[in-house]
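# Breakdown of the fold
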Amino acid sequence: MIRRQAPVEESASVPEPATRSSASTDTVAESPQPRLNVRTAIGFGLEHHVLADERDLQLLGHVHRLGSITRAAQAAGVTYKTAWDRLRNLQTRLGHAVVIAAKGGRGGGRTLLSEKGQALLQYYEQLRKQQDHAVEPDIELDAVGGLAARPLPLRKTSARNHLQGVVAAIERDGMRDAISVRLHDSVHVSVNITHASTQALGLKKGVAVYLLIKAPAIRFARHHHVQQNVFCGLIRSTRRVQDQQELEVQIAPDVHLITVAGKDQAQPLRKGERIWVHIDPDTVILGVD
């Protein structure tokens with residue numbers, strides 16, 4: 001199903017046609033009538049459930065063009081968290097990944113569209129082009145391929161950090177497993193769960209997973225030799241809430257963490273500073289779609 005908003009006409013004052021002056025024999029050309037621009041919003045859905053709206057689709061285009069969620073967010077005029085939340089929710093509704101991490105060279109990795117993401121963007125762009133010319137598209141929605149028969153439930157939780165990655169390795173230690181999750185080429189997070197949970201989730205190398213981490217569970221560390229899951233990050237933004245400070249810390253391209261600095265922090269941390277953060281492997285909730 002394709003949702004369309006009712007066209008909104010742009011009002012414009014139409015100038016009066018120019019007339020011949022009685023004091024001159026020169027002909028004054030008439031000003032052309034302003035052309036009406038009609039544009040409607042495009043959205044995709046199944047029955048009464050929305051799968052993607054135009055903001056999702058335009059964000060996909062920015063990611064495809066710029067190769068980075070961070071830069072795509074800037075192009076869309078939203079925060080990184082807003083952009084990532086939109087992409088994550090879009091993937092959940094579709095039941096397919098639309099963005100993937102790709103290895104890079106000296107400059108680091110890139111974020112690319114998956115095969116499904118490319119198909120969705122191509123369909124949108126063709127539909128937009130055809131609609132702008134006031135004709136119907138000449139391809140079917142089936143070109144997107146394999147959409148879920150019904151929307152999947154969104155992950156709405158109190159955790160501020162929703163990260164997505166791929167299982168890189170599993171090490172068993174009695175009743176517990178240490179799951180290594182690759183968030184980026186240079187970032188692997190270790191998560192401790194029971195072996196029974198590993199089996200129940202069907203985890204194995206290469207399986208896509210998501211991580212839920214509460215902001216207070218991400219602590220500050222003095223250096224990276226103390227323990228596992230310690231990362232050096234760049235403070236991208238700060239927000240003061242009474243006697244606490246909320247920080248957005250980037251630990252890799254397109255991998256951002258939200259953490260909180262409390263009263264014990266001697267001095268306020270500032271945007272642009274580098275800090276070490278620690279993720280306790282026992283506090284991470286690991287899930288699959």
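Anything mentioned here points back to the structure above.
What counts and how
Residues numbered from 1 in each chain as written. Predicted model: local features only at pLDDT ≥ 70, side-chain atom pairs only at ≥ 80, totals over all residues. Heavy atoms only, no water. Salt bridge = Lys/Arg side-chain N within 4 Å of Asp/Glu carboxyl O. Buried < 20%, exposed > 50% of the residue type's maximum accessible area, 1.4 Å probe, protein only. Helix = DSSP H or I, 4+ residues; strand = E, 2+ residues; numbered from the N terminus. Pairing = 2+ DSSP bridges. Axes fitted to C-alpha atoms, helices over the stretch in contact; angles between N-to-C directions. 1 Å grid on protein atoms, 1.4 Å probe; cavity = no way out; pocket = protein on both sides within 12 Å on 5 of 7 lines; lining within 4 Å. Points joined across faces, edges and corners; volume = space filled by probe spheres on them. Nonpolar A, V, L, I, M, F, W, Y, C, P; charged D, E, K, R; others polar. Domains from an automatic or database assignment.

A pair can form between side chains of opposite charge whenever their charged atoms are brought close. Enumeration according to the criterion identifies 9 salt bridges in this entry. The shortest N-O distance in the salt bridge between Asp-53 and Arg-55 comes to 3.3 Å. By relative accessible area, which is 17% here, Asp-53 ends up buried. Note that Arg-86 and Asp-53 form a salt bridge whose closest N and O atoms lie 2.9 Å from each other. Residue Arg-86 is found in helix H3 (residues 80-94), and its partner Asp-53 is found in the loop between strand S3 (49-52) and helix H1 (54-66); the two are separated by 33 residues along the sequence. Bridged by salt links that share partners, the residues Asp-53, Arg-55, Asp-56, Arg-86 and Arg-93 form one connected network.

Strand pairing in a sheet relies on backbone hydrogen bonds. The paired strands run either parallel or antiparallel. Read across the sheet, 5 strands follow the order S10-S14-S11-S12-S13 without closing on themselves; strand pairing throughout is antiparallel. Two strands lie at the open edges of the sheet, namely strand S10 (218-221) and strand S13 (255-261), each paired on one side alone. Direction aside, neighbouring strands of the sheet carry axes that sit 45° apart on average. Strand direction decides the pairing type here: strand S11 (residues 230-241) and strand S14 (residues 274-279), joined by 5 bridges, are antiparallel. Bridged to Gly-233 within S14 is Ile-275.

Once that is clear, we can look at the layout of surface pockets. In this structure, the largest pocket occupies an estimated 600 Å³ of space. In terms of lining, the largest pocket is formed by 30 residues, of which the most central are Trp-84, Gln-164, Gly-165, Leu-183 and Asp-254. Secondary-structure elements contributing two or more residues to the lining of the largest pocket are H3, strand S4 (99-105), strand S5 (108-113), strand S6 (161-173), strand S7 (176-184) and S13. In terms of residue class, the lining of the largest pocket is made up of 15 nonpolar, 8 polar and 7 charged. Residue-level mapping places the lining of the largest pocket at the junction of two domains, with at least three residues from each of domain 1 (44-132) and domain 2 (157-288). Approximately 270 Å³ is the volume attributed to the second largest pocket. Along its surface, the second largest pocket is lined by 13 residues, and Thr-70, Gln-74, Tyr-80, Arg-236 and Glu-248 are the ones closest to its centre. Put simply, the parts of the chain that give the lining of the second largest pocket at least two residues each are helix H2 (69-76) and S11.

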